[in-house]
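Residues per chain are reported as follows:
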Amino acid sequence: MPGKLWDELKSRQTRIESALKSHLDSLTQDAPEPIRAAMGYSLMAPGKRLRPLLAVLACEAAGGTIEQALPGGVAIEMVHTYSLIHDDLPAMDDDDLRRGMPTCHKKYGEALAILAGDALLTLAFHVVAGVNGPRTAAVSCLAIAEGAGAVGMVGGQTLDLIADGRISTDLASGGRESPVETLTEVTGDSRPPLARLEDLHARKTGALFRSSLRLGVYAAQAERPEGVNTKTLAAADRYAAAFGLLFQVTDDLLDVESTADKAGKRVGKDAARGKLTYPGLLGVEESRRKAAELGRQAVTAAEELGSPLLASLAQYVVTRER
């Protein structure tokens, strides 16, 4: 199934790659060359373009076309790339390898890497603000802001860094024995550890998947006189919720079980740092069962959307190797 799936998605990936390059080239042609180079280095690094694909497939499921979906897909990949650049910085996750290549700050230095991330985030709003009609532009900007901001991806990364002991706060007294204790002390959240871990990743990973699918639905339906179909949007949100947690569970498993060559990034670092992860909390076998259940939930939501490709994509993530 994985090979067949990517064969079916290849033409869409090709269109996404072309659109990424076209928008980057045209919208940064008057920018200083160093920032253009750093932005392009990270944005055009090899990847499956999962988030743009989610936007495209959701748009198609909602009755739209790939042409309508591409601006939103380009924008969400810019936001995702900005987050990777910043996450890799020494002050954050401190990674040297991304997508099998040196990270942006290793290639261009920390200052330019920070600026490249800033520029890509800003450029994402530029891309969606001027296309597909005013309603689509407005709700698309909102979807990106909600997914990427303090209650979404940035909020999740904040919780992750607090749990990892990499953010100091006045509430943190030191001497904690575990990431769970750290989060409890700093946030006052006394829910069970699994609930807190799922909330963290629903923000850090899942929120941007939700934005991706919403961008696709909006591109297809926001300009219609009757507006967006609420049932379609709700099914897209359910898919995103399951898919986002599924992606993170499998990402945690890859850090335990994969190699740097397969994963395209450094592995084993989560356990070395004592990070709060699914295998660390549940164990490897229970994490695999969790992934399988989340995969089933995502497939059910994809079937409600009428998208066999979204269903296949969820099944692929359950068994992915990178």
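What this report covers is the structure whose coordinates are included nearby.

1. A closer look at the environment of Gln68
Mapped onto the fold, Gln68 is located in helix α4 (residues 66-87). Gln68 sits in the partly exposed class, given a relative accessible area of 28%. Sequence-wise, Gln68 and Ala55 are 13 residues apart; in three dimensions their C-alpha atoms are separated by 9.8 Å. Those residues in contact with Gln68 that sit more than four places away from it in its chain are Cys59, Asn132, Ala219 and Ala220. A distance of 2.9 Å separates the side chain of Gln68 from the backbone nitrogen of Thr65, its partner in a polar contact.

2. Remarks on the pattern of salt bridges
What the rule picks out here adds up to 20 salt bridges. For Arg49, the salt bridge is made with Glu17, and the minimal N-O distance between the two is 2.6 Å. One end of the pair, Arg49, is in the loop between α2 (33-43) and α3 (50-61); the other, Glu17, is in helix α1 (residues 2-27), with 32 residues separating them in the sequence. Here Glu17 falls in the partly exposed class, since its relative accessible area comes to 23%. The salt bridge partner of Asp199 is Arg203, with a shortest N-O separation of 3.2 Å. Residue Asp199 and its partner Arg203 are located together in helix α10 (residues 193-221), separated by four residues, close to a single helical turn. On the basis of relative accessibility, which here comes to 26%, the residue Arg203 falls in the partly exposed class. One network of salt bridges, in which partners are shared, links Glu17, Arg49, Glu77 and Arg99.

3. Some words on α10
Between the first and last C-alpha of α10 there are 39 Å, a value that for 29 residues agrees with the 42 Å anticipated at 1.5 Å per step. A bend of about 50° at Gly206 is the largest found in α10. Here α10 lies mainly inside the structure; 21 of its 29 residues are buried.

4. Here's the deal with the packing of α3 against α4
Close contact between α3 and α4 brings their axes to 8 Å; oriented N to C, the two are set at 155°. Relative to α4, α3 is oriented roughly antiparallel. α3 and α4 meet at a crossing whose hand is right-handed. Where α3 abuts α4, its residues Arg51, Pro52, Ala55, Val56, Cys59 and Glu60 lie against Ile66, Gln68, Ala69, Gly73, Ile76, Glu77 and His80. Considering only residue class, the contact of α3 with α4 consists of seven nonpolar, three polar and three charged.

5. Thoughts on the packing of helix α7 (residues 134-148) against α10
One can describe the packing of α7 onto α10 by two numbers: an axis separation of 8 Å at closest approach and a directional angle of 175°. Considered as vectors, α7 and α10 are oriented roughly antiparallel to each other. Residue-level contacts link Thr136, Val139, Ser140, Ala143, Ile144, Glu146, Gly147 and Ala148 of α7 to Ala207, Leu208, Arg210, Ser211, Leu215, Tyr218 and Ala219 of α10. Split into classes, the residues belonging to the contact of α7 with α10 amount to nine nonpolar, four polar and two charged.

6. Re the packing of aromatic side chains
Summed over all chains, the structure comprises five aromatic pairs. Note on Trp6 and Tyr316: the rings are 5.1 Å apart at their centroids and 85° apart in plane angle, and the pair reads as edge-to-face. You can see Trp6 sitting in helix α1 and its partner Tyr316 sitting in helix α16 (residues 308-318), a full 310 residues away along the chain. The pair Trp6 / Tyr316 is uniform in exposure class, with both members buried. What links up through ring pairs into an aromatic cluster is the set Phe209, Tyr239, Phe243 and Phe247. The ring of Phe247 carries Arg51 above its face, with NZ or CZ at 5.7 Å from the centroid. Over the aromatic face of Phe247 sits the side chain of Arg320, whose NZ or CZ is 3.9 Å from the ring centroid.

7. Notes on unusual backbone geometry
A positive phi angle is found at Arg49, which is not glycine, with a value near 60°. Although it is not a glycine, Asn132 sits at a positive phi angle of roughly 65°. Along the chain, Asn132 turns up in the loop between α6 (110-129) and α7.

8. So, helix α8 (residues 153-163)
Of all eleven residues that make up α8, nine are buried, and the element is covered over most of its length. Those residues of α8 lying buried are Met153, Gly155, Gly156, Gln157, Leu159, Asp160, Leu161, Ile162 and Ala163. Phi for Gly165, located one or two positions after α8, is positive at around 75°.

9. With respect to the nonpolar core
Tyr239, Phe243 and Leu313 are the most contacted members of the largest nonpolar core, which totals 81 residues. The element that contributes the greatest number of residues to this core is helix α11 (residues 230-257), accounting for twelve residues. Aside from chain neighbours lying at most four places away, what touches Phe243 is Leu50, Leu54, Phe209, Ala298, Leu313, Ala314 and Val317.

What counts and what doesn't
- Residues numbered from 1 in each chain as written.
- Predicted model: local features only at pLDDT ≥ 70, side-chain atom pairs only at ≥ 80, totals over all residues.
- Heavy atoms only, no water.
- Helix = DSSP H or I, 4+ residues; strand = E, 2+ residues; numbered from the N terminus.
- Buried < 20%, exposed > 50% of the residue type's maximum accessible area, 1.4 Å probe, protein only.
- Contact = heavy atoms within 4.5 Å.
- Polar contact = N/O pair within 3.5 Å; in protein donor to acceptor, adjacent residues only side chain to side chain.
- Salt bridge = Lys/Arg side-chain N within 4 Å of Asp/Glu carboxyl O.
- Expected span 1.5 Å × (residues − 1).
- Bend = angle between axes of the 7 residues up to and from the residue.
- Axes fitted to C-alpha atoms, helices over the stretch in contact; angles between N-to-C directions.
- Parallel < 35°, antiparallel > 145°, perpendicular 65-115°, else oblique.
- Left-handed = near helix turned anticlockwise from the far one by under 90°.
- Nonpolar A, V, L, I, M, F, W, Y, C, P; charged D, E, K, R; others polar.
- Phe/Tyr/Trp six-rings, centres within 6.5 Å; stacked < 30°, edge-to-face > 60°.
- Lys NZ or Arg CZ within 6 Å of the ring centre and 35° of its normal.
- Core = buried A, V, L, I, M, F, W, Y, C linked by side-chain atoms within 4.5 Å.

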